[in-house]
Amino acid sequence: MTIPMMMSAEVAKARADGTPIVALESTIITHGMPYPQNVETARLVEADVRDGGAIPATIAVIEGLLHIGLEADQLDALGQAQNVAKLSRADMAACIATGGTGATTVAATMIAAHLAEISVFATGGIGGVHRGAEDSFDISADLHELAQTPVTVVAAGAKAILDLNKTFEVLETFGVPVIAYGQDMLPAFWSAQSDMPAPLRMDTADHIAKAQLTRTAMGLQGGQLVCNPIPQDDEIAADVLAPVIAQALDEATAQNISAKAVTPFLLGRIFELTDGKSLTANIALVRNNAQLAAQIATAMKI
Ligand code: PSU
Ligand code: MN
């Protein structure tokens, strides 16, 4: 059988013209940000990709069809829709097969991007090993996807609600290159700096593109995680956020929030507890990642 897949007019034209394409995810729209900022951000991020000389392909499953690039009205509808599924490797095929609608996480977006022959993808922050994973076993499928699907993911690191040390240990075990862009330390999502040195550092989009192409040429499976620090002016310092994250985590535990609901709950509570500052920072970092991804996608073509 063939996969019921649909490219937006803009993406189809880019494919025909050989214009670089950057994949974008949709869980950040449906589960990561409130309406209307989610749709406004998605539009700004798409514009950032275009300004960088590439074409954006926001990915989602709508009524059983895998969309590679959304038309403006589809993006708007998805941003306001209720009860949209949050799709990862385990459930994307089931959603397509049953005619469902779902937003794609980092893992699912990587799978879709690879099917559509798109090798660069921008998001906010990947999922990873949750704090307390020694009891909950809550480890995002995003990590395993990075180990097996050849897509370079540009993020501001892993979300700081996670256990960042364990997240990066797992990535090392899985053989995923973790590349800090332009600095020695790993960023921590809302904060430009963590206390963890980056395993790899690169300062140009060309090097990042060449590293992915070299992996593929060597027969090494999997992608790369590019950790792009949030611009300094937009960051929230890690010590300011630490107590806020701790409070949100305590509330999640007290309310028995589990599985796919954990990350959306935490992001939502941190938004409330910071009077919206976490969202402003999140928007800034995603846009910054889209700009770098456009440069990498362009460099991949040369
Ligand atoms: N980046 C953001 N906000 C988000 C996400 C990424 O700035 O909400 C989403 C991505 O789709 C990622 C998911 O795959 O959060 C992680 O979810 P989980 O922890 O349940 O694996
Ligand atoms: Mn999880």
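For the structure, check the block above.
We now turn to the structure provided with this report. (Residues numbered from 1 in each chain as written. Chains lettered and ligands numbered in written order. Predicted model: local features only at pLDDT ≥ 70, side-chain atom pairs only at ≥ 80, totals over all residues. Heavy atoms only, no water.)

1. Some remarks on the overall build of the protein chain
Piece 1. When helices and strands are counted, the protein chain shows 13 helices and 11 strands.
Piece 2. Against the globule reference of 19 Å for 302 residues, the protein chain gives a C-alpha radius of gyration of 18 Å, in line with a compact fold.
Piece 3. For the protein chain, the residues scored as buried account for 55% of the 302 residues in total.
Piece 4. For the protein chain, restricting intrachain contacts to residue pairs at least 6 apart in sequence, the fraction spanning at least 24 positions comes to 74%. (Helix = DSSP H or I, 4+ residues; strand = E, 2+ residues; numbered from the N terminus. Rg over C-alpha atoms; globule rule 2.2 N^0.38 Å. Buried < 20%, exposed > 50% of the residue type's maximum accessible area, 1.4 Å probe, protein only. Contact = heavy atoms within 4.5 Å.)

2. What to know about the nonpolar core
Piece 1. Residues I126, W190, L225 and I296 are the most contacted members of the largest nonpolar core, which totals 104 residues.
Piece 2. The greatest single-element share of this core, amounting to 13 residues, is contributed by helix α13 (residues 277-300). (Core = buried A, V, L, I, M, F, W, Y, C linked by side-chain atoms within 4.5 Å.)

3. Examining the site of ligand 1
Piece 1. Taken together, 19 residues sit near ligand 1, with E25, K86, S140, D142 and T263 positioned nearest.
Piece 2. For ligand 1, a nitrogen atom lies 3.0 Å from a polar atom in the backbone of G125.
Piece 3. In the model, an oxygen atom of ligand 1 is placed 2.7 Å from a nitrogen or oxygen of the T263 side chain.
Piece 4. Starting from 480 Å² of accessible surface for ligand 1 in isolation, the protein chains cover 94%.
Piece 5. Elements with a contribution of two residues or more to the shell around ligand 1: α2 (27-30) and α12 (262-273).
Piece 6. Residue classes in the shell around ligand 1 are distributed as four nonpolar, 11 polar and four charged. (Near = heavy atom within 4 Å. Polar contact = N/O pair within 3.5 Å; in protein donor to acceptor, adjacent residues only side chain to side chain. Areas by Shrake-Rupley, 256 points an atom, 1.4 Å probe, with all protein chains shown as cover. Nonpolar A, V, L, I, M, F, W, Y, C, P; charged D, E, K, R; others polar.)

4. So, the packing of helix α6 (residues 106-115) against helix α8 (residues 141-148)
Piece 1. It is at 8 Å that the axes of α6 and α8 come closest, and there the two elements cross at 25°. Comparing the axis directions of α6 and α8 gives the class roughly parallel. Residues V106, A107, M110 and I111 of α6 touch α8, and the partners they reach there are A141, D142, E145 and L146.
Piece 2. By residue class, the composition of the contact of α6 with α8 is six nonpolar, no polar and two charged. (Axes fitted to C-alpha atoms, helices over the stretch in contact; angles between N-to-C directions. Parallel < 35°, antiparallel > 145°, perpendicular 65-115°, else oblique.)

5. So, the pairing of strand β11 (residues 224-227)
Piece 1. Judged by which residues are buried, β11 turns out to be covered on both faces: Q224 and V226 on one side and L225 and C227 on the other are all buried.
Piece 2. Note: strand β8 (residues 152-155) against β11, four bridges, orientation parallel. Across the sheet, A155 pairs through a bridge with C227, a residue of β11.
Piece 3. Where strand β9 (residues 178-181) and β11 come together, three bridges link them in parallel fashion. Residue pairing for β11: A180 is matched across the bridge by C227. (Pairing = 2+ DSSP bridges.)

6. As for the packing of aromatic side chains
Piece 1. Taken as a whole and assessed by the stated rule, the structure comprises one aromatic pair.
Piece 2. Residues F189 and W190 carry aromatic rings whose centres are separated by 4.7 Å and whose planes lie at 75° to one another, so their mutual orientation is edge-to-face. Both residues of the pair, F189 and W190, belong to the buried class. (Phe/Tyr/Trp six-rings, centres within 6.5 Å; stacked < 30°, edge-to-face > 60°.)

7. Details of the side chain of N282
Piece 1. Considering the arrangement of structural elements, one finds N282 in helix α13.
Piece 2. Contact partners of N282, with chain neighbours within four places excluded, come to I28, M33, F189 and W190.

8. Some remarks on α13
Helical geometry: 3.6 residues make up each α-helical turn, so side chains three or four residues apart lie on a common side.
Piece 1. Relative to the 34 Å expected for 24 residues at 1.5 Å per residue, α13 spans 35 Å between its end C-alpha atoms, a close match to the ideal helical length.
Piece 2. Burial runs high along α13: 18 of the 24 residues are buried. (Expected span 1.5 Å × (residues − 1).)

9. Remarks on a nonpolar patch on the surface
Piece 1. Together, I3, M5 and L115 line one region of the surface with nonpolar side chains, adding up to about 230 Å² of accessible area.
Piece 2. Within the fold, M5 resides in strand β1 (residues 5-7). (Patch = residues over 30% accessible without salt bridge, like charges linked within 9 Å, V, L, I, M, F, W, Y side chains within 5 Å. Salt bridge = Lys/Arg side-chain N within 4 Å of Asp/Glu carboxyl O.)

10. Examining the packing of helix α3 (residues 37-51) against helix α4 (residues 72-80)
Piece 1. Where α3 meets α4, the axes come as close as 9 Å, and the angle between the chain directions of the two elements is 145°. The handedness of the crossing between α3 and α4 comes out as right-handed. Contact residues: α3 offers N38, V39, A42, R43 and E46, while α4 offers A72, L75, D76 and G79.
Piece 2. A breakdown of the residues in the contact of α3 with α4 according to their chemical character gives four nonpolar, two polar and three charged. (Left-handed = near helix turned anticlockwise from the far one by under 90°.)

11. Comments concerning the pairing of strand β3 (residues 55-62)
In the case of a regular strand, side chains alternate between the two sheet surfaces.
Piece 1. For β3, the tally of buried residues reaches eight of eight residues, placing the bulk of the element in the interior.
Piece 2. Of the two faces of β3, both are covered, the one formed by I55, A57, I59 and V61 as well as the one formed by P56, T58, A60 and I62.
Piece 3. Direction of pairing for strand β2 (residues 21-24) relative to β3: parallel, over a ladder of four bridges. Paired with A23 across the strands is A57, a residue of β3.
Piece 4. One ladder, built from four bridges, connects β3 with strand β4 (residues 65-68); its direction is antiparallel. When the sheet's bridge partners are listed, I59 is paired in β4 with I68.
Piece 5. Taking the residues that link successive antiparallel strands as the turn, the β3-β4 hairpin has two residues, and the phi of E63 there is positive, at about 45°.
Piece 6. Examined bridge by bridge, β3 and strand β6 (residues 102-104) share two bridges and lie antiparallel to one another. Across the sheet, the residue bridging to V61 is G102, located in β6.

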